[in-house]
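Understanding the architecture of this molecule
Each chain is listed here by its residues.
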Amino acid sequence: MCGIVGYVGPKSTVDVLLGGLRRLEYRGYDSAGVSVITESGLETRKKAGKLDNLVAEIDSHLLAESHIGIGHTRWATHGAPTDGNAHPHLGGSRSKLSLIHNGIIENFSELKAELLAVGTQFASDTDSEVAAHLIAREYDEHGDLLKSFRNVVNRLHGAFTILVIHEDQPDMVLAARRNAPLVIGLGHGENFLGSDVAAFVEHTKRAISVGQDEIVILRADSVEIIGFDGSTVTSEEFTVDWDATAASKGGWPSFMAKEIADQPQAVADTLMGRVDSEGRVSIPEMHGLSAEDIKNIDRIIIVACGTASYAGDIAKYGIEKWSRIPVQVELSHEFRYRNPIVTKNTLIVAISQSGETMDTLMATRYARDLGAKVLAICNTQGATLARESDATIYTHAGPEVAVASTKAFVAQITAGYLLGLYLAEVRQSTPIGELQRMGRELLRLPALVSDVIDSLIQPKELGMELSDAKSVLFLGRNVGFPVAMEGALKLKELAYIHAEGFAAGELKHGPIALIEEGQPVIVIVPSMRDDESLHPKVISNIQEIRARGAKVIAIAEEGDTEVSQWSEHVIFVPQTEPLFASILTVIPLQAFAMALAEAKGLDVDQPRNLAKSVTVE
Ligand code: M6R
């Protein structure tokens, strides 16, 4: 979950490192640090708290000029977020080696015991420091840094990206990757390392994604990659398709505010080149799955976590309806450890913004071992998930920096619907005319999303008005049910208040007992035009909770003449195909949660205890 950056080249290293850390801070923000090698040797600055604390520390204890260094922003696993536990960690009795680490070293206790037995002094409670001492010790014995590094990473169990610099080798950064992300940025006379391309995109768009169990030897004018076993590795370069401005606030008060506003573009870019003006869907990236493979699919299992899993819940409605393939949606961490039934005719659809969520990676690896094909829906080029899948549909939402997912969510739903339409066409399970009608309706969505964004004043005012609420409940039915759960998740993670999303039909089976005078309930009201006549059922639910004192805020479609009679407030969204309404109805919920959190004075981009990418299980 931590952010990692490395640099060798002519620029001011501390500026490159701090710029990279600023862009990676979303990955972890409970402490940060840098090490650089200067004329007088290795120098390190580190500080608990946000990156600004480290910047202040460097301002008061300046670092001399340097052209090589490593930087880290931490999300604590082993050891509290203190100055001492912040990375980098120094190794060896003369502290000439500096190391940063993202991940968890599972066998650190055993390795630490070995080091304690020979008298090693530890300066932190972290698992990472163990690796620093092991490498330094071995280097002191034979003087070969690469050999020491390779020997030690081969001894580590768990998940790690590790970067090391050593005072004796001031021209080289060594990096190793197992089960945690690492990307190389290729410059002219300079090279970079980062947890993702955001670390270096302001300097170069040429990148290489480092594979599993690979070591990088990074110098200013060369990049060499070898396997943990010492074998030579060939790698493929790719071009980052967004620029640095896409990962900056651009005048918005927060990344979240900007990313909410980016949603029309996120949907448009995800549709681009995949739906023609007649509404016909083609997904060229599906080439890893042949028409034969698609016809043989007898079950789809969507695996994902958090918001991405709610996108899967929504996509399920469309995929099943059009392709007639049974779909189940599973939280990746639950799926992986329950001995699920997976065959070679199962298609696993893994949804992940980052493509680095360890729970989802473990679930897909497990399913692949059982013979299933894996299709990724992913927002991050070069991500591990994409590399390890048979095919990837990229959501082109651009970099999402705020921890709370917004634009990635609507892009994931869009991609899920594209997938459903595509599968249905290949399997001829729904008349082509109907599929094309859906395709044309998808093309209207960016404009409709814009209309919703232009009228977010009302949910924002409601958010401010309810800033003292102790609990908010959300109700929905059909695609409105996952939207309700997503609305509740946004509120929990941003405003730290109790919030639950329920299926409206489930209300009378228990949750209605929670309703008391003044309880705010946000209800996602289905379209009056829905074939299944769910609208009157939800209106009845509203009446039931109103009768028990609930304060109802409804999100309903324009033209819904009935809902106003039964709700304190109604937020209207434009009419669309009822299945696609989720892309519109979730947006007021995002704005509501953001405004409520801001009214409480909270940091909406970096909520407490969270990190953007959860790269540990
Ligand atoms: O990168 P991923 O899409 O795999 O992340 C999955 C979840 O961790 C993520 O959606 C999380 O729930 C968000 N913080 C929610 O806003």
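Each value, and the rule that gives it
Residues numbered from 1 in each chain as written. Predicted model: local features only at pLDDT ≥ 70, side-chain atom pairs only at ≥ 80, totals over all residues. Heavy atoms only, no water. Helix = DSSP H or I, 4+ residues; strand = E, 2+ residues; numbered from the N terminus. Rg over C-alpha atoms; globule rule 2.2 N^0.38 Å. Buried < 20%, exposed > 50% of the residue type's maximum accessible area, 1.4 Å probe, protein only. Pairing = 2+ DSSP bridges. Axes fitted to C-alpha atoms, helices over the stretch in contact; angles between N-to-C directions. Contact = heavy atoms within 4.5 Å. Parallel < 35°, antiparallel > 145°, perpendicular 65-115°, else oblique. Nonpolar A, V, L, I, M, F, W, Y, C, P; charged D, E, K, R; others polar. Near = heavy atom within 4 Å. Polar contact = N/O pair within 3.5 Å; in protein donor to acceptor, adjacent residues only side chain to side chain. Areas by Shrake-Rupley, 256 points an atom, 1.4 Å probe, with all protein chains shown as cover. Domains from an automatic or database assignment. Buried area = accessible area lost by both parts, 1.4 Å probe. Salt bridge = Lys/Arg side-chain N within 4 Å of Asp/Glu carboxyl O. Expected span 1.5 Å × (residues − 1).

A few words now on the overall build of the protein chain. Looking only at helices and strands, the protein chain has 18 helices and 24 strands in total. Taking 2.2 N^0.38 as the reference for a compact globule, 617 residues should give roughly 25 Å; the C-alpha atoms of the protein chain span a radius of gyration of 25 Å, in line with that estimate. The principal-axis extents of the C-alpha atoms in the protein chain amount to approximately 80 × 55 × 40 Å. Among the 617 residues that make up the protein chain, the fraction classed as buried is 61%.

The next thing to look at is the sheet that holds strand β15 (residues 299-304). With parallel pairing, five strands are arranged side by side in an open sheet as β16-β15-β17-β18-β19. The open sheet has two free edges, formed respectively by β16 (327-331) and β19 (391-394), since each of these has just one partner strand. Taking each pair of neighbouring strands and ignoring which way they run, the sheet shows an average axis angle of 20°. Relative to β19, strand β18 (residues 373-378) runs parallel, the two sharing four bridges. Looking at the pairing, Leu375 lines up with Ala391 of β19. Docked against the sheet, helix α9 (residues 306-323) engages β15, β16 and β17 (346-352), running at close to 175° with respect to β16.

Attention now goes to the environment of Lys551. Position of Lys551 relative to the elements: it lies in strand β23 (residues 551-557). A relative accessible area of 22% places Lys551 in the partly exposed class. C-alpha separation for the pair Lys551 and Asp229, spaced 322 residues apart in sequence, amounts to 63 Å. Setting aside its immediate chain neighbours within four residues, Lys551 contacts Glu465, Leu466, Gly518, Gln519, Pro520, Val521, Glu568 and His569.

With their axes 10 Å apart at the nearest point, helix α13 (residues 407-427) and helix α18 (residues 581-599) run at an angle of 170° to one another. Considering their axes alone, α13 and α18 lie roughly antiparallel with respect to each other. Of α18, the residues touching α13 (which contributes Phe409, Val410, Ile413, Thr414 and Tyr417) are Ser582, Ile583 and Val586. In the contact of α13 with α18, the residues fall into six nonpolar, two polar and no charged.

Below, the discussion takes up the site of the ligand. Around the ligand sit 14 residues in total, of which Ser352, Gln353, Ser354, Thr357 and Glu493 are the nearest. A distance of 3.2 Å separates an oxygen atom of the ligand from a polar backbone atom of Thr307. Here Val403 contributes a backbone N or O atom positioned 3.1 Å from a nitrogen atom of the ligand. A total of 410 Å² of accessible area belongs to the ligand in isolation, and the protein chains cover 90% of it. For the shell around the ligand, the secondary-structure elements that each account for two or more residues are α9 and α16 (480-495). Taken together, the residues of the shell around the ligand break down into five nonpolar, seven polar and two charged. Two domains each put at least three residues into the shell around the ligand: domain 2 (254-453) and domain 3 (457-599).

We note that the domain assignment places domain 1 (3-240), domain 2 (254-453) and domain 3 (457-599) within the protein chain. Taken together, the contact between domain 2 and domain 3 spans 35 residues of the former and 27 residues of the latter. Approximately 2500 Å² of surface area, both sides summed, lies buried where domain 2 meets domain 3, with 76% of it carried by carbon and sulfur atoms. On the domain 2 side of the contact with domain 3, Tyr310, Tyr317 and Val452 bury the most area, a combined 23% of that side's loss. Inspection of the region where domain 2 meets domain 3 yields one salt bridge. Two residues, Glu577 and Arg437, come together in a salt bridge whose shortest N-O distance is 3.7 Å. The interface formed by domain 2 and domain 3 includes eight residue pairs in polar contact (both at pLDDT 80 or more).

Reading across from one edge, β3-β2-β4-β1-β10-β9-β11-β14 is the order of the eight strands in this open sheet, with antiparallel pairing throughout. On the outer flanks of this sheet lie β3 (41-48) and β14 (237-239), each paired with one strand and no other. Put simply, the sheet's adjacent strands are angled 20° from each other on average, direction ignored. Relative to β14, strand β11 (residues 206-209) runs antiparallel, the two sharing three bridges. Paired with Ala207 across the bridge in β14 is Phe238. On top of the sheet, helix α1 (residues 13-24) reaches β1 (3-8), β2 (31-38), β4 (68-74) and β10 (191-194); it is set at about 155° to β1, its chief contact.

Mapped onto the secondary structure, Glu65 falls in the loop between α2 (51-60) and β4. For Glu65 and Lys11, which are 54 residues apart along the polypeptide, the C-alpha to C-alpha distance reads 9.5 Å. Not counting residues up to four positions away in its chain, the partners in contact with Glu65 are Ile37, Thr38 and Glu39. Here the side chain of Glu65 touches His67 through a polar contact of 2.9 Å, side chain to side chain.

Counted at 1.5 Å a residue, the expected span for α18 with its 19 residues is 27 Å, and the 28 Å between its end C-alpha atoms agrees. Of all 19 residues in α18, 16 are buried, a share of seventy percent or more. Downstream of α18 by a residue or two, Gly601 has a phi angle that is positive, lying close to 80°.

Burial of β2 is extensive: eight of the eight residues sit out of reach of the surface. Here β2 shows two buried faces, one formed by Ser31, Gly33, Ser35 and Ile37 and the other by Ala32, Val34, Val36 and Thr38. Where β2 and β3 come together, eight bridges link them in antiparallel fashion. Bridging across to β3, Ala32 finds its partner in Lys47. The pairing of β2 with β4 spans six bridges and is antiparallel. What sits directly across from Ser35, in β4, is Ile70.

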